[in-house]
Amino acid sequence: AQTATASDTAGVKSEHHERLVAHVLLPCSSFSCVTTLEGHENEVKSVAWAPSGNLLATCSRDKSVWVWEVDEEEEYECVSVLNSHTQDVKHVVWHPNQELLASASYDDTVKLYHEEEDDWVCCATLEGHESTVWSVAFDRSGKRLASCSDDKTVRIWRQYKPGNEEGVACSGTDPTWKCVCNLSGFHTRTIYDVAWCHLTGALATACGDDAIRVFEESSPAAPQQPTFSLAAHVARAHSQDVNCVAWNPKEPGLLASCSDDGEIAFWKYQRPEVC
Amino acid sequence: MASPFSGVLQLTDLDDFIGPSQECIKPVKVEKNPGKAAAKIRIEADGSYFQINQDGGAQKLEKAKITLNDCLACSGCITSAESVLITQQSHEELYKVLTFNKTAAPSEQKLVVVSVSPQSRASLAARCKMNVLETAKKLTTFLKSLGVHYVFDTTFSRNFSLLESQREFVKRFRKQSEDKKALPMLASACPGWICYAEKTHGSFIIPYISTAKSPQQVMGSLVKGHFAEQQHLRPDQIYHVTVMPCYDKKLEASRPDFFNQEYQTRDVDCVITTGEVLRLLEQEGISLSDVDPVPLDTMFSSVTEEELTSHSGGGSGGYLEHIYKYAAKELFGIQVDTIQYKPLKNKDFQEVTLEKDGVVLLQFALAYGFRNIQNLVQKLKRGKSPYHYVEVMACPSGCLNGGGQIKIEGESSKDWLQQVEKLYESLKTEIPEKNQTVNELYEHWLGGMDSEKAAKALHTEYHAVEKTGTGFNIKW
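Residues numbered from 1 in each chain as written. Chains lettered and ligands numbered in written order. Predicted model: local features only at pLDDT ≥ 70, side-chain atom pairs only at ≥ 80, totals over all residues. Heavy atoms only, no water.

**Q** Which residues make up the overall build of chain B, and what values do they have?
**A** Helix and strand counts for chain B stand at 17 helices and 16 strands. In chain B, which comprises 476 residues, the proportion classed as buried is 55%. Working note: accessible area of chain B is about 21,700 Å², and carbon and sulfur atoms make up 51% of it. (Helix = DSSP H or I, 4+ residues; strand = E, 2+ residues; numbered from the N terminus. Buried < 20%, exposed > 50% of the residue type's maximum accessible area, 1.4 Å probe, protein only. Areas by Shrake-Rupley, 256 points an atom, 1.4 Å probe, with all protein chains shown as cover.)

**Q** Help me get a handle on helix α12 (residues 274–284) of chain B, residues and values and all.
**A** In an α-helix there are 3.6 residues to a turn, and that puts residues three or four apart on one side. Residues and elements named next belong to chain B. All of the buried residues in α12 are Thr274, Glu276, Val277, Leu278, Leu280 and Leu281. Where α12 is buried, its residues touch α5 (91–103), α6 (118–128), α7 (132–146), β7 (238–244), α11 (248–253) and β10 (270–273). Looking one or two residues past α12, Gly285 carries a phi angle of roughly 70°, positive in sign. (Contact = heavy atoms within 4.5 Å.)

**Q** Can you lay out the pairing of strand β19 (residues 254–259) of chain A for me, pointing to particular residues and giving the numbers?
**A** Residues and elements named next belong to chain A. Here strand β18 (residues 242–247) runs beside β19; their pairing, made up of five bridges, is antiparallel. When the bridges of β19 are listed, Trp247 appears paired with Leu255. Taking the residues between adjacent antiparallel strands as the criterion, β18 and β19 are bridged by six residues, where Gly253 takes a positive phi near 85°. Across five bridges, the pairing between β19 and strand β20 (residues 264–268) is antiparallel. Paired with Leu254 across the strands is Lys268, a residue of β20. The antiparallel pairing of β19 with β20 creates a hairpin that spans four residues between the two strands, and Gly262 there sits at a positive phi of about 90°. (Pairing = 2+ DSSP bridges.)

**Q** Residues and numbers for the pattern of salt bridges, please.
**A** Considering all chains together, one arrives at 36 salt bridges over all chains under this definition. A salt bridge links Asp139 of chain A to Arg144 of chain A, with the nearest nitrogen and oxygen atoms 3.3 Å apart. Of the residues examined, Arg144 of chain A reaches a relative accessible area of 14% and is grouped as buried. A salt bridge links Lys268 of chain A to Glu251 of chain A; the shortest N-O distance between them is 3.6 Å. One end of the pair, Lys268 of chain A, is in strand β20; the other, Glu251 of chain A, is in the loop between β18 and β19, with 17 residues separating them in the sequence. A relative accessible area of 34% places Glu251 of chain A in the partly exposed class. Where salt bridges share partners, they join Glu164, Arg167, Lys171 and Asp450 of chain B into one cluster. (Salt bridge = Lys/Arg side-chain N within 4 Å of Asp/Glu carboxyl O.)

**Q** Can you explain the sheet that holds strand β17 (residues 228–234) of chain A? Please cite residues and give values.
**A** All names here are of chain A. With respect to topology, four strands assemble into an open sheet ordered β14-β15-β16-β17, the strand pairing being antiparallel. In this open sheet, the two strands that pair with only one neighbour each are β14 (191–196) and β17. The sheet shows a mean angle of 25° between the axes of neighbouring strands, taken without regard to direction. Strand direction decides the pairing type here: strand β16 (residues 212–217) and β17, joined by six bridges, are antiparallel. Bridge pairing in β17 links Ile212 to Val234. (Axes fitted to C-alpha atoms, helices over the stretch in contact; angles between N-to-C directions.)

Okay, structure coming up:
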């Protein structure tokens, strides 16, 4: 079934994307190191700025997630060290407009954190993936989260606040996050990254099978049970694992990808007329 | 709950639950009999291993053991699976000694001494809904009913830790111009912090750390030194147990620095946590509130059998406060009665400043919990720390919130901690300088404050742990 899906949609690809490859060399003179943050015990896997620009999150193979604060003098101070994950942490990402942090880990979970009094605490654990969660991405509203995993699935999680109409149980004042969609059968290897376009709502994935896929939400959207369909599939986007995908925040449909093959590629994605 | 150790230790790989057989870089010594090269190994249903010889005979194989000492000496990835590591450091071990005493010949029996920390006592008091004195008396009854001979209080030995820290600070302050690493002096009572400092920042941070022993280890010197002499016993004829709010204290007791080579005995043989005392009570089917109280042992106490004392300055021992007041008086002739703490980034990072005519004379800080330790160390590395002394503790909120304390399900941890703090602070405070027994011990046991014997009994040293690569640290 998986290969059938892949070849069915393979035809779509030529119409909906074009590839530009860039080998990037950064001019060294334009950058200087301002500060080095020390503290993690070993490999630091991911770093992300909060929307306010005053907070920074990092995560590492040492299983911890750190939140840093930047003060007026460009001094960075550690505000919290979160030891909630039981295995190494692969990725951190902030909510698009709130101080809510998400992390993905080798312990198969996604965890969410917020500030409580003067420290950060884990306020939700998203369980469901059957293997390492490699990456997470919020949608534009921040009410939904996509996670991708070594279990070859992408899962969509939705936030339910206490007292929600749907009657989803919450503990205390923290919202509950529930898996509302499981995209399985599309990917043949580990999915390393997922990017949710805040302009178009398209969901792109980077996969260990060298492919890039784009998913679109079927309309009319049913918030409790959204369905996503494969809108584009570039089977050999790169000659090796695709590690990361990123949508341009200004230009709709401009996607960048990078791979073990050493290349960074840019793609133009056009939404199919009828989905 | 993944680990009982403090957050600091969890981060230093001490808590990787990786099988030692795969990853431990410490060579494990197993007594091996020379024999033929090839052998079969059979694993029994109970998990024991038998070597099957060619003639068909079976020989039980010894298990490799890794001790806490191995782990302290190693920067590699370490398992702390309790079954492997804490075999020497559990209430089961105390049971073994007490059981042994019941059947052994009188000459082989050990004198069992338990030293209880005031933080543990406050936690138990809150759990059993009793006042602190009542808890102390009833705990004494309970421990003695198990076969313990003496029950002491580490508040007493803390007098020495405080006095030695005070004097060390003033000495360091006076030589700050010639010794760049004299200040800031960093507290030494928290073993989680010490272990982290040795493993992660080694030779950079060690010179700043006060050499004063913690109350637990001063008690170790007292019990195996002075008390043993008084009882006409060798140190190894005493089994010394402490009750602590913190699992990391087990690591401290296991340090080679606190091992008496001559008599092959540790100053503190076994550390059990407050939570483990509660488990002891539960195993015996006893509720502490139902026990009849007995008078307290007064040999190492400040006052009488009907009273307990504490020190001012909070549940982590009051190091900052004692050193601050002493230094203000000694260095600047200023009498400080009350101390104003100024919270900075968070409640676990507070500052105290002594000013005169707009000039800062002393600037001290409390830094509790890993994030604040981290910021302190980074500030030090960048030469931006303004402090003369920092009371560093690994646990957020300090020792009353230690990992070995009793947790109550269904109660908010904040409310619970407040109850424990209130009980801890309910006692009358004493001033270490005014404790007669302490002064007499300095004179008669140690031969004065600056004697060599005092330095040995009350101070220790630290050892940077060299980083070595482990299997998992391979760079691709």
